[in-house]
Amino acid sequence: MTDETLHPGTPPKDCALCPRLAAYRTEQMARHSGWWNAPVPPLGDASAWLAIVGLAPGLKGANRTGKPFHGDEAGKMLFGMLAELGLATETPDGWDAPGLFITNAVACAPPGNLPETAEKHNCRSFLAEQLAALPALKVVVALGETAHQAAIKAVGGKLPKYRFGHGVAHKLPSGVVLMDSYHCSRLNTNTGLLTPDMFKAALEATLAYRA
Ligand code: SF4
């Protein structure tokens, strides 16, 4: 996985389309000058068959490390499960997951992990460009309802036709399969909304569409 390559649709580091989030980045920069504190670029390359879309960078996770799902519990859960399925291996620098593309619906960390509606809308064109630049894409895994909606809108689908449901696979007009899963956030895993078995089943189901 080439994590330093600028994939199409990577937001500029000084993106100011969301004034609240840009101000939050500046605030975090003053507090933690060694953190990334910028839109988090996607991880992966143009040959990916599977894209995983999360909600937004965790403040102390991806916003700190600059890599999606790196540095927090949600990332440990995601990459740990991908490793169990033979889709990722740990390296000294993070995780290697060939064939995978990992991104977020909103590229900047929002206060309280809660992006506003306008912010989700603002970042959608970046996600659309990222997914459009994956010619071998077969499956998009949406982690949570915000990612589900963002992924559908990014590929030009109509929301009312596809209702979010954990473990539900939606065939989109483009032929890409959208697989829903509850987000692997610590909140969801601590409350039991998402168990390791549930998460593994949703991710494992994507393998059927790989060929
Ligand atoms: S969330 Fe997306 S659109 Fe908004 S400022 Fe960050 S990169 Fe720009």
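For the structure given in this document, a descriptive report is provided here.

Definitions and limits used
Residues numbered from 1 in each chain as written. Predicted model: local features only at pLDDT ≥ 70, side-chain atom pairs only at ≥ 80, totals over all residues. Heavy atoms only, no water. Core = buried A, V, L, I, M, F, W, Y, C linked by side-chain atoms within 4.5 Å. Buried < 20%, exposed > 50% of the residue type's maximum accessible area, 1.4 Å probe, protein only. Helix = DSSP H or I, 4+ residues; strand = E, 2+ residues; numbered from the N terminus. Axes fitted to C-alpha atoms, helices over the stretch in contact; angles between N-to-C directions. Parallel < 35°, antiparallel > 145°, perpendicular 65-115°, else oblique. Left-handed = near helix turned anticlockwise from the far one by under 90°. Contact = heavy atoms within 4.5 Å. Expected span 1.5 Å × (residues − 1). Near = heavy atom within 4 Å. Nonpolar A, V, L, I, M, F, W, Y, C, P; charged D, E, K, R; others polar. Pairing = 2+ DSSP bridges.

Let's shift gears to the nonpolar core. Residues Ile52, Leu82, Cys184 and Phe199 are the most contacted members of the largest nonpolar core, which totals 26 residues. Secondary-structure elements contributing two or more residues to this core are strand 2 (50–54), helix 3 (73–84), strand 5 (100–104), strand 6 (139–143), strand 8 (177–181) and helix 7 (196–205). For this core, the element with the most residues is helix 3, which contributes 6 residues.

Moving on, we get to the packing of helix 4 (residues 117–132) against helix 5 (residues 145–154). Interaxial distance between helix 4 and helix 5 falls to 9 Å at its minimum, and their mutual angle equals 60 degrees. Taken together, the axes of helix 4 and helix 5 lie oblique to each other. Helix 5 is crossed by helix 4, and the crossing has right-handed handedness. Two secondary-structure elements touch here, helix 4 through Lys120, Arg124, Leu127, Ala128 and Leu131 and helix 5 through Thr146, Ala150, Ala151, Lys153 and Ala154.

Moving on: helix 3. Here helix 3 is 12 residues long and its end C-alpha atoms lie 16 Å apart, about the 16 Å a rise of 1.5 Å per residue gives. Here helix 3 has its buried residues at Ala74, Gly75, Met77, Leu78, Phe79, Met81 and Leu82. On its buried side, helix 3 packs onto strand 2, strand 4 (94–96), strand 5, helix 6 (186–190) and helix 7. Positive backbone phi, at 80 degrees, marks Gly86, one or two positions downstream of helix 3.

Attention shifts here to the site of the ligand. Close contacts around the ligand come from 13 residues, with Pro11, Cys15, Cys18, Cys108 and Cys123 the closest. Counting only elements with at least two residues in the shell around the ligand, the list comes to helix 1 (19–31) and helix 4. Sorting elements by how many residues they give to the shell around the ligand places helix 4 first, with 3 residues. Within the shell around the ligand, the residues separate by chemical class into 11 nonpolar, 1 polar and 1 charged.

Moving on: the sheet that holds strand 1 (residues 43–44). One open sheet accounts for 6 strands, arranged 1-5-2-6-8-7; its pairing is mixed. Two strands lie at the open edges of the sheet, namely strand 1 and strand 7 (169–171), each paired on one side alone. Sheet contacts for helix 7: strand 6 and strand 8; angle to strand 8, the most-contacted strand, approximately 175 degrees.

Further remarks concern helix 5. Most of helix 5 is tucked away: 7 of the 10 residues are buried. Thr146, Ala147, His148, Ala150, Ala151, Ile152 and Ala154 are the residues of helix 5 that are buried. Those residues of helix 5 that are buried are in contact with strand 2, helix 4, strand 6, strand 7 and strand 8. The positive-phi residue at the C-terminal boundary of helix 5 is Gly156, with phi of around 85 degrees.

Backbone geometry at Phe69 places phi at a positive 60 degrees, although glycine is not the residue there. Its location among the elements puts Phe69 in the loop between helix 2 (62–65) and helix 3. One non-glycine residue, Asn113, lies in positive phi territory at about 60 degrees. When you line up the elements, Asn113 lands in the loop between strand 5 and helix 4.

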